[in-house]
Amino acid sequence: MSDWTRGRRRDANNGEIENSSYGPSRWSNCRKRGIDGSLRADREVDGGVGGDNNRHADSSSKNSEKRPESFTTPESTGPVSRCSRQGDWGSQVEEDEMKKGVHRDMQRYRRRILGAEVTQRERKTSSGSSGSCDSKEGDHMETDEAVLLRRQKQINYGKNTLAYDRYIKEVPKHMRQSGVHPKTPNKFRKYSRRSWDQQIKLWKVKLHAWDPPAEEGQDNVLDNIEELGLGDVMDIELDFPNLPDSQNAPIPHSLSLDSEDCSGTPVKLQKTESKVEPEMGSS
Amino acid sequence: MENTTDDYKIQSFDLDTQMLLKTALKDPSSVNLVKVSNVIVDQSLKDQVFSKEAGRICYTIVQAEAKQNNGSVFRRNMLNRLQQEFKNREAMRGRSLQEWVCYVTFICNVFNYLKVNNMPMVALVHPVYDCLIRLAQPDALMKEEEVDCLVLQLHRIGEQLEKVNSPRMDELFFLLRDGFLLQEGLTSMARLLLLEILEFRAGGWLLSGTAHKYYYSEIAD
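Remember, it's a predicted structure, so these values are computed and weren't measured experimentally.

*Asks:* Help me out: how do you make sense of the overall build of chain A in this one?
*Replies:* Scanning chain A from terminus to terminus reveals twelve helices and two strands. Listing every helix and strand of chain A by position from the N terminus yields α-α-α-α-β-β-α-α-α-α-α-α-α-α. Per-residue burial over chain A gives 46% buried out of 283 residues. Taking all contacts inside chain A whose residues are at least 6 apart in sequence as the whole, residues at least 24 apart take part in 69%. Of the roughly 15,200 Å² that chain A leaves accessible, carbon and sulfur atoms contribute 50%.

Encoded structure:
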């Protein structure tokens, strides 16, 4: 595990140097920081392992002096203020909508958990993976709004893809087999930041199996990549489906992991673009 | 609840644009939504009739886009255009009173129709108040078009606005009382409109039967 961490740290630094050699692109600013605003370099220094949410809150306040006032993210059309309360009305309304959605989800989830508490406890003994080994899920769910919002955004990036659309059409919920079919990570469970990001990454890799066939999808992606100046980022993403076991290839992953927070939109754009093109046909 | 296209009052657009809007309502992802939002905003600033109901067509397109592909391109662009115009509203008012009045009508209409989870858009609350309070300034009270616009908006969204921010409504009504009492040179129509809106709010955003008779008895049903 320590080798992995070291490798990641090294590459985060190299990644930043590499990014600047491509010249300032729209995304070069946002790749250096996570969606919560804290600089990537500092997150690495924190040790990565078991970095839970409180730690991140602390690190961001420590670094508030160093951070520039504004940066450009894929969601905005121009520079926006660094803090999550963005200046433009479009973003404010979207943020507001997402917050309300997350709170509504939380209430629904709580009700579901309370209702099924006994069966949940019995099922828990078989899972045994990282993180929550709590007997009562309802008491130990993630409730930090900032964390939930960040996780929801990551989930939205994954769901807002052609692959996901095709997947849910092809495999109804009752037909899903665990392990075989991708399952959306549960944002209400307590996980370390790294564990969560890893789950998201693996989930998205699995979803790629439902990418549309080459003529429709991949070529279009490649066209859009050059337009959007995302060549460096998207090259890494496209490698994923070929890896036999994604857990054994940490180095390319770390760069895309960093950029995942901010670069999910290209896939979304891909979907929108292909629908806008009249020649591309329907769907 | 299906709105017929007539409800959207798009007759003032040329035929090509009408086609564009109709397509946007049915199949948003097949059109350039940035263009659609600009078309709607531009027209709202020119056409008083359209600006009074443009919020409705905006709402339908927003819903359609969200349903079709979970997108919000239209809403985002429309709101940001609104914000741009808001930043330059003083210049707009100086340039054209008609455009300014149309703008206020439009932004209030959007506030009325575009809800998020059935709640008003928080981002618009202060801007709307800023606009209405501007309309209650002494120089604006001298212009009947501005007074008329002000009372119309308060009739439509006053109650909602007060719910989401009561102190600012108080602030607005201090100005209206002052204006009514102290402003010299107000036309009698302006004074009538102000008195009516003061009574309207005092009655809990309702006009009593007798008050209604006083103000509206001349109007045919």
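*Asks:* How do you make sense of the nonpolar core when you look at a structure like this?
*Replies:* Note on soluble globular proteins: their nonpolar side chains tend to be buried together. B:Ile40, B:Tyr103, B:Leu132, B:Leu154 and B:Leu176 are the most contacted members of the largest nonpolar core, which totals 74 residues. Top element by residues in this core is helix α6 (residues 97-113) of chain B. It accounts for ten residues. The two domains that each donate at least three residues to this core are domain 1 (13-95) and domain 2 (117-220) of chain B. Ignoring sequence-local partners within four residues, the contact set of B:Leu132 consists of B:Val104, B:Cys108, B:Leu150, B:Gln153, B:Leu154, B:Leu161 and B:Leu172. Membership of the second largest hydrophobic core comes to eleven residues, among which are A:Ala163, A:Val171, A:Tyr191 and A:Trp203.

*Asks:* What is the right way to read the interface of chain A and chain B from this model?
*Replies:* Buried accessible area, meaning the area lost when the parts come together, often serves as the stated size of an interface. The partner chain B presents 21 residues to the 19 residues of chain A that form the contact. Buried surface at the junction of chain A and chain B, both sides included, amounts to about 1,800 Å², of which 52% is carbon and sulfur. Of all residues in chain A, A:Trp89, A:Val93 and A:Lys100 give up the largest surface area on contact with chain B, accounting jointly for 38% of the area buried on that side. The interface formed by chain A and chain B holds three salt bridges in total. When the shortest N-O distance is used, the salt bridge between A:Asp88 and B:Arg76 registers 3.6 Å. One can count nine residue pairs in polar contact (both at pLDDT 80 or more) joining chain A with chain B. Within the residue set of the side of chain A that touches chain B, elements represented by two or more residues are α5 (89-115) and α12 (250-276) of chain A. Element by element, the count of residues in the side of chain A that touches chain B is highest for α5(A), at eleven residues.

*Asks:* Sorry, what's going on with α6(B) here?
*Replies:* The α-helix winds at 3.6 residues per turn, so residues separated by three or four positions along the chain end up facing the same way. Its 17 residues give α6(B) an end-to-end C-alpha distance of 24 Å, which sits within 8% of 24 Å, the value for a rise of 1.5 Å per residue. Of all 17 residues in α6(B), 14 are buried; the element is thus mostly enclosed.

*Asks:* It is not clear to me how the packing of helix α4 (residues 73-87) of chain B against α6(B) should be interpreted in this structure. Could you clarify?
*Replies:* Each pair of packed helices can be described by the angle between their axes along with the distance between the axes. Residues and elements named next belong to chain B. At a minimum axis separation of 11 Å, α4 and α6 run at an interaxial angle of 145°. Taken as a pair, α4 and α6 cross one another with a handedness that is left-handed. When α4 is examined against α6, the residues Met78, Leu82, Glu85 and Phe86 are found in contact with a partner set consisting of Tyr103, Phe106, Ile107 and Val110. Tallied by class, the residues present in the contact of α4 with α6 amount to seven nonpolar, no polar and one charged.

What counts and what doesn't
Residues numbered from 1 in each chain as written. Chains lettered and ligands numbered in written order. Predicted model: local features only at pLDDT ≥ 70, side-chain atom pairs only at ≥ 80, totals over all residues. Heavy atoms only, no water. Helix = DSSP H or I, 4+ residues; strand = E, 2+ residues; numbered from the N terminus. Buried < 20%, exposed > 50% of the residue type's maximum accessible area, 1.4 Å probe, protein only. Contact = heavy atoms within 4.5 Å. Areas by Shrake-Rupley, 256 points an atom, 1.4 Å probe, with all protein chains shown as cover. Core = buried A, V, L, I, M, F, W, Y, C linked by side-chain atoms within 4.5 Å. Domains from an automatic or database assignment. Buried area = accessible area lost by both parts, 1.4 Å probe. Salt bridge = Lys/Arg side-chain N within 4 Å of Asp/Glu carboxyl O. Polar contact = N/O pair within 3.5 Å; in protein donor to acceptor, adjacent residues only side chain to side chain. Expected span 1.5 Å × (residues − 1). Axes fitted to C-alpha atoms, helices over the stretch in contact; angles between N-to-C directions. Left-handed = near helix turned anticlockwise from the far one by under 90°. Nonpolar A, V, L, I, M, F, W, Y, C, P; charged D, E, K, R; others polar.

None of the figures reported here should be taken as evidence of function without further support.
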